[in-house]
Each structure stands twice: as structure tokens, then as C-alpha cells.
Amino acid sequence: MTILVAYDGSDDAKAAIALAGELMRGEHAVVLTVWERVALAASRASAGLMLTLDQAGLEDEAIGEAMRQLAEQGAELARQAGLEASARCDTDSVSVWSTIVDVADEIDAKLIVTGTRGLGGVRSLLLGGTSDRVLHHANRPVLVVPAPEKSD
């Protein structure tokens, strides 16, 4: 069985990995980090955030490398949690949620695992509502893991 775990480095994503490892120890997992290209993000943002294409290309390269490292970090956490994990990093084609669903279809994942919320802001990889959209659009089971309890 292959499971797909959406990972953005947030506490929610880490909790999702931990629970997936606890419930499905020894299973194969693809830990997916999805990111948005700077030029696309800028075009979706206000006009005050416009970048030249040269700047966007350099920024995309740097962000892409950081996101690949983040995916590797998630895969390592998954291995520590007891999963046989590999990392995958994709840019979103239309939206983060649709990329997660598309990758799950591509790899024929038996289950998608995601946290309830991501990081937010420009660094957000699992935007608010992403887990809800994945849940409603995926043609396979989805496990949405709530945020870990915060101690005061």
C-alpha cells in the first residue's frame, strides 16, 4: 500500500506524519511538498508585489531548492515514525489541493494524509481550506489529522 502525506513543515503536518506512522507502520509513504512559483504567486497578489521575470526566476530556483529540502525533512520524519518514505516536491499547477489530489491519483495512493492547517502567508503550502478541498475532491480515503494540543 502507498500513502501520500502532504507536508509543509507545520506542526499539523508533523502530527499527520506521526499518526500515519503509528497507524500504518512499515507502509510505503510518499511525502509531498507542494509550492507555488513566485511569478504565479505575484500575479495572484496585489499589484504592489509584482516582480520582474528575472527576479522571479532566481527566487523560484531558491524556493524550489528549499522546498526539496523540506520534502526530504518530511520523508526523514516519516522514516523515524516507522514508514518507508520517499520525498517528492511538486509545483502547483492550478492549486495546492488539486496538485495533492493529482499526485495521489498518479501514484494510486490508497490514502491521503494531511494536517488541518498549514503555515499560512507566503510560506503556506497547505492553505486554509486545502485539507477540506482535498477531502471533498479526492477519489480515495483522506485522513485529516487535527492540530496537536498546545500546552501553555
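In what follows, the structure referred to is the one given above.
Please read all numbers here as calculations on a predicted model, not as lab measurements.

**Some points on helix 5 (residues 130-137)**
Here's step 1: Restricting attention to buried positions, one finds in helix 5 the residues Thr130, Ser131 and Val134. Taken down its axis, helix 5 places every buried residue within 100° of arc, on the same side.

**With respect to the environment of Ala147**
Here's step 1: Structurally, Ala147 can be placed in the segment after strand 5 (142-145).
Here's step 2: Classification of Ala147 as partly exposed rests on a relative accessible area of 41%.
Here's step 3: In this structure, the C-alpha to C-alpha distance between Ala147 and Lys14, residues 133 residues apart in sequence, is 9.3 Å.
Here's step 4: Ignoring any residue separated from it by four or fewer positions in sequence, one finds Ala147 in contact with Asp12 and Thr116.

**Re the pattern of salt bridges**
Here's step 1: Counting across every chain of the model gives 7 salt bridges.
Here's step 2: Notably, a salt bridge pairs Arg88 with Asp90, separated by 3.0 Å at the nearest N-O pair.
Here's step 3: Asp105 serves as the salt-bridge partner of Arg140, at 2.7 Å between the closest nitrogen and oxygen. With Arg140 in the loop between helix 5 and strand 5 and Asp105 in helix 4 (residues 96-107), this residue pair connects regions lying 35 residues apart in the sequence.
Here's step 4: With a relative accessible area of 16%, Arg140 lands in the buried category.
Here's step 5: Judged by its relative accessible area of 34%, Asp105 is partly exposed.
Here's step 6: Among the charged side chains, a network of salt bridges with common partners joins Asp105, Asp108, Lys110 and Arg140.

**A closer look at the pairing of strand 2 (residues 28-35)**
Here's step 1: Burial of strand 2 is extensive: 7 of the 8 residues sit out of reach of the surface.
Here's step 2: As paired elements, strand 1 (residues 2-6) and strand 2 share 5 bridges and run parallel to each other. Among the inter-strand pairings, Leu4 is bridged to a residue of strand 2, identified as Val30.
Here's step 3: A crossover connection joins strand 1 to the parallel strand 2 through helix 1 (residues 11-23); in handedness this β-α-β unit is right-handed.
Here's step 4: Judged from the 8 bridges that link them, strand 2 and strand 3 (residues 84-91) form a sheet pairing that is parallel. Paired with Val34 across the bridge in strand 3 is Asp90.

Rules behind the numbers
- Per chain, residues are indexed from 1 in the order of the written sequence.
- Local features are withheld for residues below a pLDDT of 70 in this predicted model, meaning they are given only at 70 or higher, and side-chain atom pairs are given and counted only at 80 or more; totals for whole chains, interfaces and linings count all residues.
- By convention in this description, side-chain values take in all heavy atoms of the structure and omit both hydrogens and water.
- The cut-offs for exposure are 20% and 50% of the maximum accessible area for each residue type, with area from a 1.4 Å probe on protein chains only; residues under the lower value are buried, those over the upper are exposed, and the others partly exposed.
- The helix count covers DSSP runs of H or I at least four residues long, the strand count covers runs of E at least two residues long, and both are numbered beginning at the N terminus.
- For this quantity, the arc is that covered by the directions from the helix axis to the C-beta atoms.
- Every residue pair with non-hydrogen atoms within 4.5 Å of one another is taken to be in contact.
- By convention in these notes, a salt bridge is any Lys or Arg side-chain nitrogen within 4 Å of a carboxyl oxygen on Asp or Glu.
- Paired strands, in this sense, are two strands between which DSSP finds at least two bridges.
- Throughout, right-handed denotes a crossover for which the path from the first strand over the helix to the second runs clockwise when the strands point away from the viewer.

As far as function goes, none of this settles anything; it's purely spatial.
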